[in-house]
Every structure is written in structure tokens, then in C-alpha cells.
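Commentary on secondary and tertiary structure
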Amino acid sequence: MIYIGNHVSISKGYEAMGLMEEKLGGTTFAFFTRNPRGGKSTAVDTEDVKKLQKFLEEKKFGPLVAHAPYTMNLCSAKEDVREFGLQMLKEDLEKMELLPGQFFNFHPGSHLKQGYEAGRDMIVDALNQVLYPEMTTTVLLETMAGKGSEVGRNFTELKGIMDGVTCKEKLGVCLDTCHVWEAGYDIVTSLDKVLEEFDRIIGIDRLKALHLNDSKNPMGAAKDRHEKLGLGCIGKEALMRVVQHPMLQGRPFILETPNDDAGYKDEIAMVKQWMKKEE
Ligand code: FE
Ligand code: FE
Ligand code: ZN
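Residues numbered from 1 in each chain as written. Chains lettered and ligands numbered in written order. Predicted model: local features only at pLDDT ≥ 70, side-chain atom pairs only at ≥ 80, totals over all residues. Heavy atoms only, no water.

Brief notes about the overall build of the protein
To keep it simple, the criterion reads: Only DSSP runs of H or I reaching four residues or more are called helices, and only runs of E reaching two or more are called strands; each is numbered from the N terminus. Throughout, radius of gyration means the C-alpha value; the globule benchmark is 2.2 Å times the number of residues raised to the power 0.38. Each residue's exposure class comes from its accessible area (1.4 Å probe, protein chains only) as a fraction of the maximum for that residue type: buried when under 20%, exposed when over 50%, partly exposed otherwise.
Summing up its helical and strand segments, the protein has 9 helices and 10 strands in all. Over its C-alpha trace the protein gives a radius of gyration of 18 Å, about what one expects of a compact globule, namely 19 Å for 279 residues. When the backbone C-alpha atoms are referred to their principal axes, the protein occupies close to 50 × 45 × 30 Å. The burial tally for the protein puts 54% of its 279 residues in the buried class.

Some details on the pattern of salt bridges
The following threshold applies: By salt bridge we mean one thing: a side-chain nitrogen of Lys or Arg within 4 Å of a carboxyl oxygen of Asp or Glu.
Overall, the coordinates contain 9 salt bridges when judged by the stated rule. Taking the shortest distance from any N to any O, the salt bridge between glutamate 227 and lysine 216 comes out at 3.3 Å. Of this pair, glutamate 227 sits in strand E9 (residues 226–227) while lysine 216 sits in the loop between strand E8 (214–215) and E9, placing them 11 residues apart in sequence. The class of glutamate 227 is buried, set by a relative accessible area of 14%. On the basis of relative accessible area, lysine 216 is assigned to the partly exposed category, the value being 36%. One salt-bridge network, in which partners are shared between bridges, spans Arg34, Glu91 and Asp92.

Observations regarding the packing of aromatic side chains
To keep things clear, this is the line we draw: Only Phe, Tyr and Trp rings are paired, with Trp represented by its six-membered ring, and only when their centres lie within 6.5 Å; those with planes under 30 degrees apart are stacked, over 60 edge-to-face, the remainder tilted.
Using the criterion set out here, one finds 7 aromatic pairs in the structure. Relative to phenylalanine 198, the ring of phenylalanine 155 has its centre 5.0 Å away and its plane inclined at 75 degrees; by these criteria the two rings are edge-to-face. Of this pair, phenylalanine 155 sits in helix H5 (residues 155–164) while phenylalanine 198 sits in helix H7 (residues 191–201); the two residues are 43 residues apart in sequence, bridging distant segments of the chain. Each member of the pair, phenylalanine 155 as well as phenylalanine 198, carries the same accessibility label: buried.

A look at the coordination of the iron ion (ligand 1)
What counts, and what does not: Any N, O or S atom lying within 2.8 Å of the metal counts as a donor, and for Na, K and Ca the limit rises to 3.2 Å; water is left out, so some sites can look incomplete.
All of the protein donors around the iron ion (ligand 1) are His67 (NE2), His107 (NE2) and Glu142 (OE); their distances to the metal are 2.1 to 2.3 Å. Taken as a pair, the iron ion (ligand 1) and the iron ion (ligand 2) show a spacing of 3.2 Å, with glutamate 142 coordinating each metal. With a gap of 40 residues between them, histidine 67 in strand E3 (residues 65–67) and histidine 107 in the loop between strand E4 (103–106) and helix H4 (116–130) connect regions that are remote in the sequence. Of the residues examined, histidine 67 reaches a relative accessible area of 2% and is grouped as buried.

Notes on the side chain of glutamate 256
Let me state the cut-off plainly: In the analysis that follows, any N or O atom pair within 3.5 Å is treated as a polar contact, provided that within protein one partner can donate a hydrogen and the other can accept it, and provided that, for residues neighboring in sequence, both atoms belong to side chains. Any two residues having at least one pair of non-hydrogen atoms within 4.5 Å are treated as being in contact.
Residue position: glutamate 256 is located in the loop between strand E10 (252–255) and helix H9 (261–278). Among the residues examined, glutamate 256 registers a relative accessible area of 12% and is labelled buried. Among the polar contacts made by the side chain of glutamate 256, one reaches the side chain of histidine 211 at a distance of 2.9 Å. Excluding residues that lie within four positions of it along the chain, glutamate 256 makes contacts with His7, His67, Glu142, Asp176, His211, Leu212, Asn213, His226 and Tyr264.

Here's the deal with the side chain of serine 149
Of note, serine 149 is situated in the loop between strand E5 (138–142) and H5. With relative accessibility at 14%, the residue serine 149 sits in the buried group. Leave out the neighbours within four places in its chain, and serine 149 touches Gly109, Ser110, His111 and Leu112.

Things to note about H4
The condition that has to hold: A helix's residues, less one, multiplied by 1.5 Å, set its expected span.
In this model, H4 (15 residues) spans 21 Å end to end at C-alpha, consistent with the 21 Å of a helix rising 1.5 Å per residue. All of the buried residues in H4 are Tyr116, Gly119, Met122, Ile123, Val124, Ala126, Leu127 and Val130. As for H4, its buried residues are in contact with helix H3 (79–96), E4, E5, H5 and strand E6 (171–176).

With respect to H3
Between the first and last C-alpha of H3 there are 25 Å, a value that for 18 residues agrees with the 26 Å anticipated at 1.5 Å per step. Of the surrounding secondary structure, the elements contacted by the buried residues of H3 are helix H1 (14–24), strand E2 (30–32), E3, E4, H4 and E5.

Overview of the sheet that holds E4
In plain terms, the rule: A strand pair is defined by DSSP finding two or more bridges across the two strands. Only the stretch in contact is used when a helix axis is fitted, and all axes are lines through C-alpha atoms; the angle between N-to-C directions ranges over 0 to 180 degrees.
Read from one edge of the open sheet, 8 strands run E1-E10-E7-E6-E5-E4-E3-E2, paired in parallel fashion. For this open sheet the edge positions go to strand E1 (3–6) and E2, each flanked by a neighbour on one side alone. The sheet shows a mean angle of 30 degrees between the axes of neighbouring strands, direction not considered. Alignment of E2 against E3, held across 3 bridges, turns out to be parallel. Paired with phenylalanine 32 across the bridge in E3 is histidine 67. Contacting E2, E3, E4 and E5, H3 runs over the sheet at an angle of about 160 degrees to E4.

Points about the coordination of the zinc ion (ligand 3)
Every protein donor of the zinc ion (ligand 3) is listed here as His179 (NE2), Asp224 (OD) and His226 (NE2), and their distances to the metal cover 1.9 to 2.3 Å. A separation of 5.4 Å is found between the zinc ion (ligand 3) and the iron ion (ligand 1). Residue histidine 179 is found in helix H6 (residues 177–182), and its partner histidine 226 is found in strand E9; the two are separated by 47 residues along the sequence. Under the relative-accessibility criterion, histidine 179 is labelled buried at 1%.

Distances and angles like these do not, on their own, reveal function.
Below, the structure is given as C-alpha cells:
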């Protein structure tokens, strides 16, 4: 069994997100901890958060996968951008502790012209400032498509970051199917091999969540263009095998496909059908 859901808006509060996802048929969801394009953090209504927590337990939802803002770049060449990123990360992780035990996913960053090693070292430095043994949130590095100078274009780059972090048990990976495909991993004809490679380099137990997306582009395109499930270059059969794969069970899968609510409802229903076939 996997948990399935999509991104929901936090604009109406925390409990409202759970209620919305239930309407769509989901059993997990993702949300932005603040405006995804950056912006200020808003105060949290702790009563509302408690209501969501109770809801999640009652409805047996899986862990949630919060997403950091896209503007957060912990390895920017500009110090003020790095500082702002670190500040957002600190605040958002504080906020996450109000809803204990969830995942917080972020894009490792873009090193611009500084090179992977320099980027990696800055990301490690930032993570070592915000991760601590008592925290209940697990922070996830997202696998990236390799657009521009993105860090995290392959499993070895992610492992390089993980190796430098002191609080290793608070760090995991979120695998985005569109991104790994566009980064050149053949999850269509060689899913087993790709997952074995992940296991060998990082360890499959570090894989905590997935983003389930089709891709508008062929393998290796490194453009990062998501597509609706079954309508892209990965295709329905391959995505079904991902959902059914024994090494991936028990994890939250988040849809980031170009859909409206009705579209998400349909995709969630479709993924649930795929899950039944696995049982
Ligand atoms: Fe992402
Ligand atoms: Fe993603
Ligand atoms: Zn993407």
C-alpha cells in the first residue's frame, strides 16, 4: 500500500487542507509552508493545526510532504540569497514542529557557476545549522531534473550532501518520477535497476516520499516539465509499476501534475485502482 495525494492550498488553513484532500479521495497531501515564490511567513493558528493532526490520525492519513518555496536557494552565489534561504528554512522547520512527524521537502539548489562541490558544501553547511536530534520532522532532498546548474541531478550528488550532514537520521530523499526520468534514469524499461542503484548509493530506507508525475519530455531532457499521468513520455504502464513496486510501499506519493481539482480526483482514483491490482 502507498499513500496518494496532491498539493493543496494552505490559504484556508490547516484543517481545511485535510478536508479538501479527503474530498479528492487522497490519503496524504503536500502544501507550501509559505508562498512558493518566496514571501513572508504568516503566523500559525495552533488550534487549527491541532484539528488537522486529529483529522490525520482519525482518517489514517500517511505522512504529509510539505514543500519549501522555490526561491529558496541554499547554494546561491549571492550571500543575501543564501541567507534568506537559510532564514526561510529555519522558520519553516520551526513551523513544521507544530505538526509533528511530517516530511519537509526542498530543492537542494542551483550552484550557478560555482560548480557542484561548492554548491554541495553550502547546502551541507545550511543543513548542519538547522537539523537537530530532537526534531520530529524529516527533511527531504528532492531528486532534480538537472535543469541549468541544479544540484541533485543524480543519486551520487544527493549522497554527497547526505555524507556531509551530521544529523543524518533527520535527512532523506523525495524521488520525483518526472525529474529522475528527465535526469536520464530509465524508469520505463529499467525501474528495478534504477531502484537498485538508489539502494546501492543512498539506501532505499532513505527514500521517504515520491512525487508522482509524468513528463512532457524524453528521458534525459533535463527540462523539468510535468505532465498528467499517462499522457507523457513515461506513460501509464511505467507509472503503474512505480506505484506497485515492492521497494516503494508504505510511502506518500504526491501528484504534481498540471490538473485542477477534478483532474486530481480522477488521478487519485486511477492510482488507487493500480494499488488494488498490486494486492
Ligand atoms: Fe519540487
Ligand atoms: Fe517534484
Ligand atoms: Zn518538477
